[in-house]
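# Remarks on the overall topology
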Amino acid sequence: MAEKIDYSKGIYDAKQLGTPKLLILGAQHMFAMFGATVLVPLLTGLSVSTTLLCAGLGTLLFHFLCKGKVPAFLGSSFAYLGGFTIVTNGGANPENLPYACAAVALSGLVYVLFSALISAFGIRKMMKFFPPVVTGPIIIAIGLILAPSAINNCQSNWLLAFVALATVIICNIWGKGMVKILPILIGVLVSYAVALVAGAVDFQTIGAAAWFGIPLHKDSMGLFAIDGSETFISAVFTIVPIALATMMEHIGDIAAISATTGKNYIRDPGLNKTLLGDGLATAMAGLLGGPANTTYGENTGVLALSRVHDPRVIRLAAIYAIVLSFSPMFAAFVSSIPSAIIGGVSFILYGMISAIGVRNVVENQVDFTNSRNLIIAAVILVCGLGFTGGLTFHIGEVSITLTSLAIAAISGIALNAILPGN
């Protein structure tokens with residue numbers, strides 16, 4: 001039965017492939033998100049196991065609120081790293097982490113507020129701010145902004161990166177059946193086998209890890225504190241405004257997923273539902289002692305490559321993340337995958353995101369002979385690629401940092417609203 005399926009048109013019901021293949025597709029999405037998701041807690045001092053649990057639970061909550069329609073995975077947000085760094089003084093004051101997590105939880109409520117505003121004023125009035133001339137370049141910028149991280153990872157071992165990249169390309173172009181829709185998972189396995197032969201795998205963390213552990217140990221449960229202290233108030237003013245930037249990223253990611261699958265999720269189930277899901281997932285993560293959640297471009301790239309657009313596979317990846325949060329051994333095993341392999345796989349995934357943005361612009365027939373459209377796209381791309389370290393400004397004694405993507409999105413939306421000819 002599976003041999004008769006036309007993969008080129010996209011698969012929206014993965015059950016027709018059979019349960020075993022459906023389970024493997026979920027594993028592919030899990031591998032795609034794992035590296036970036038666990039990196040955030042390693043950089044902030046939070047628990048890796050708690051982070052995996054929050055990513056899985058947050059994704060399932062998002063799918064529940066979005067009526068199971070949007071194939072999005074919610075992993076750890078990198079946009080909040082600057083906030084964590086400021087609150088903990090670069091890690092020198094880890095005792096401030098509970099205040100940072102409390103601020104993350106409160107930042108999720110900003111999403112809820114904007115979701116309510118969209119519900120009150122209607123999606124049509126809001127969507128006039130997000131035409132293809134804005135969303136297309138933003139999607140292009142998402143992939144290009146991520147590109148340097150792929151190259152940096154590849155540089156640690158170009159041989160492994162090339163093996164991973166070549167395997168993904170061969171499977172996707174010449175593969176048949178499941179081989180064609182599992183290029184990422186196969187690319188990781190093949191290049192990992194080469195890494196084993198080359199002695200490029202570090203087994204020390206695996207040997208020291210336990211098979212079973214409770215992700216919400218008492219230290220994690222303690223990473224949430226609200227009081228009237230100056231440290232808490234400073235954490236709130238430092239971290240909560242970041243939500244204004246990540247909401248712009250959210251809109252770009254939902255637009256990218258919509259362009260990938262050919263379905264307008266901004267209208268159905270609605271941007272108010274996706275913002276609500278992302279916001280409540282972030283609030284829950286903060287309450288449980290995890291980092292903020294965000295929709296993941298890595299999984300959007302997998303959707304584009306595999307052409308399996310069924311949200312069920314994403315929910316399976318979320319369930320895997322929850323189960324694996326109870327196994328430090330497996331987390332250590334996946335963490336042992338050389339960064340070059342992640343770089344080789346990301347090389348194609350991030351490029352696919354930008355290519356989807358180009359397709360979005362072409363399919364919507366955006367007229368770039370029009371100076372207005374050209375200016376908007378130009379400003380978005382330059383802001384997205386130019387502000388590599390983001391933009392930090394001060395309100396009183398509080399520092400606020402906007403990511404390059406947030407700057408690009410805000411600039412594009414503002415220009416689209418201000419320039420005549422909308």
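The sections below set out a description of the structure shown in this document. (Residues numbered from 1 in each chain as written. Predicted model: local features only at pLDDT ≥ 70, side-chain atom pairs only at ≥ 80, totals over all residues. Heavy atoms only, no water.)

With that out of the way, let us pick up the overall build of the chain. Scanning the chain for helices and strands turns up 20 helices and four strands. Here the C-alpha atoms of the chain give a radius of gyration of 21 Å, agreeing with the 22 Å that 2.2 N^0.38 yields for 422 residues. If you line up the chain on its principal axes, its C-alpha atoms span 55 × 55 × 40 Å. Relative to its 422 residues, the chain shows a buried fraction of 56%. Within the chain, residue pairs in contact and separated by at least 24 positions form 82% of the contacts whose partners lie at least 6 positions apart. Across the chain, 20 positive and 17 negative side-chain charges occur, with their mean positions spaced 16 Å apart. (Helix = DSSP H or I, 4+ residues; strand = E, 2+ residues; numbered from the N terminus. Rg over C-alpha atoms; globule rule 2.2 N^0.38 Å. Buried < 20%, exposed > 50% of the residue type's maximum accessible area, 1.4 Å probe, protein only. Contact = heavy atoms within 4.5 Å. Lys, Arg positive; Asp, Glu negative; His and termini not counted. Charge placed at Lys NZ, Arg CZ, Asp CG, Glu CD.)

This paragraph deals with the nonpolar core. Ranked by internal contacts, the top residues of the largest apolar core, which has 108 residues, are M33, Y80 and I341. Apart from residues lying up to four places away in sequence, Y80 is in contact with V104, S107, Y111, I239, I242, A243, T246 and A292. (Core = buried A, V, L, I, M, F, W, Y, C linked by side-chain atoms within 4.5 Å.)

We now examine unusual backbone geometry. Looking along the chain, the bond that leaves D268 and enters P269 is cis, with omega of 15°. Looking at the element boundaries, P269 is found in helix 14 (residues 266-288). Even without a glycine there, the phi angle at K67 is positive, about 60°. Within the secondary structure, K67 sits in the loop between helix 2 (48-65) and strand 1 (74-76). Backbone geometry at R307 places phi at a positive 65°, although glycine is not the residue there. Along the chain, R307 turns up in the loop between helix 15 (297-306) and helix 16 (311-324). Given a relative accessible area of 36%, R307 falls into the partly exposed group.

With respect to the helices and strands, the residue S49 is situated in helix 2. Relative accessible area serves as the criterion here: at 16%, S49 is assigned to the buried category. When sequence neighbours within four positions are dropped, the list of residues in contact with S49 reads P215 and S325.

Let's shift gears to helix 12 (residues 230-239). For helix 12, the full list of buried residues reads F232, A235, V236, T238 and I239. All buried residues of helix 12 lie within an arc of 170° about the axis, which places them on one face of the element. (Arc of directions from axis to C-beta.)

Two elements in contact, helix 9 (residues 183-198) and helix 18 (residues 339-363), have axes separated by 9 Å at closest approach and are oriented at 155°. For the element pair helix 9 / helix 18, the angle class is roughly antiparallel. Read as a crossing pair, helix 9 and helix 18 show a hand that is right-handed. Counted together, I184, V188, S191, Y192 and A195 of helix 9 and I341, V345 and L349 of helix 18 form the full contact between these two elements. Looking at side-chain class alone, the contact of helix 9 with helix 18 contains seven nonpolar, one polar and no charged residues. (Axes fitted to C-alpha atoms, helices over the stretch in contact; angles between N-to-C directions. Parallel < 35°, antiparallel > 145°, perpendicular 65-115°, else oblique. Left-handed = near helix turned anticlockwise from the far one by under 90°. Nonpolar A, V, L, I, M, F, W, Y, C, P; charged D, E, K, R; others polar.)

Moving on, we get to the packing of helix 4 (residues 97-121) against helix 12. Between helix 4 and helix 12, the shortest axis-to-axis distance is 8 Å and the interhelical angle comes to 45°. Compared by their axis directions, helix 4 and helix 12 come out oblique. In this structure, the crossing between helix 4 and helix 12 has a hand that is right-handed. Listed contacts from helix 12 to Y99, A100, A102, A103, V104, L106 and S107 of helix 4 are T231, F232, A235, V236 and I239. Counted by class, the contact of helix 4 with helix 12 contains ten nonpolar, two polar and no charged residues.

The next subject is a nonpolar patch on the surface. On the surface, L113, F114, L117, F121 and L244 cluster together into a nonpolar patch covering about 460 Å² of accessible area. Considering every element that reaches the nonpolar patch, the biggest residue donor is helix 4, with four residues. Mapped onto the secondary structure, L244 falls in helix 13 (residues 242-261). For L244, a relative accessible area of 43% gives the class partly exposed. (Patch = residues over 30% accessible without salt bridge, like charges linked within 9 Å, V, L, I, M, F, W, Y side chains within 5 Å. Areas by Shrake-Rupley, 256 points an atom, 1.4 Å probe, with all protein chains shown as cover. Salt bridge = Lys/Arg side-chain N within 4 Å of Asp/Glu carboxyl O.)

Let us now look at the environment of L287. Mapped onto the secondary structure, L287 falls in helix 14. Taking relative accessible area as the criterion, L287 reaches 45% and is therefore assigned partly exposed. Spatially, the C-alpha atom of L287 lies 19 Å from that of T85, the residues being 202 residues apart in sequence.

A few words on the state of the cysteines. Summed over all chains, the structure comprises zero disulfides. Here C54 is not disulfide-linked; the sulfur of C101 is the nearest cysteine sulfur, at 8.8 Å. (Disulfide = S-S within 2.5 Å.)

Evaluated as defined, the whole model comprises four salt bridges. The shortest N-O distance in the salt bridge between D268 and K69 comes to 2.8 Å. A residue pair is termed long-range when its members are at least 10 positions apart, and D268 in helix 14 and K69 in the loop between helix 2 and strand 1 qualify at 199 residues. In this structure, the salt-bridge partner of E363 is R359, at a minimum N-O distance of 3.7 Å. Taken together, the residues span about one helical turn, with E363 and R359 both in helix 18 at a distance of four residues. Linked by salt bridges that have partners in common, D13, D310 and R312 make up one network.

In short, shape yes, function no, at least from these values alone.
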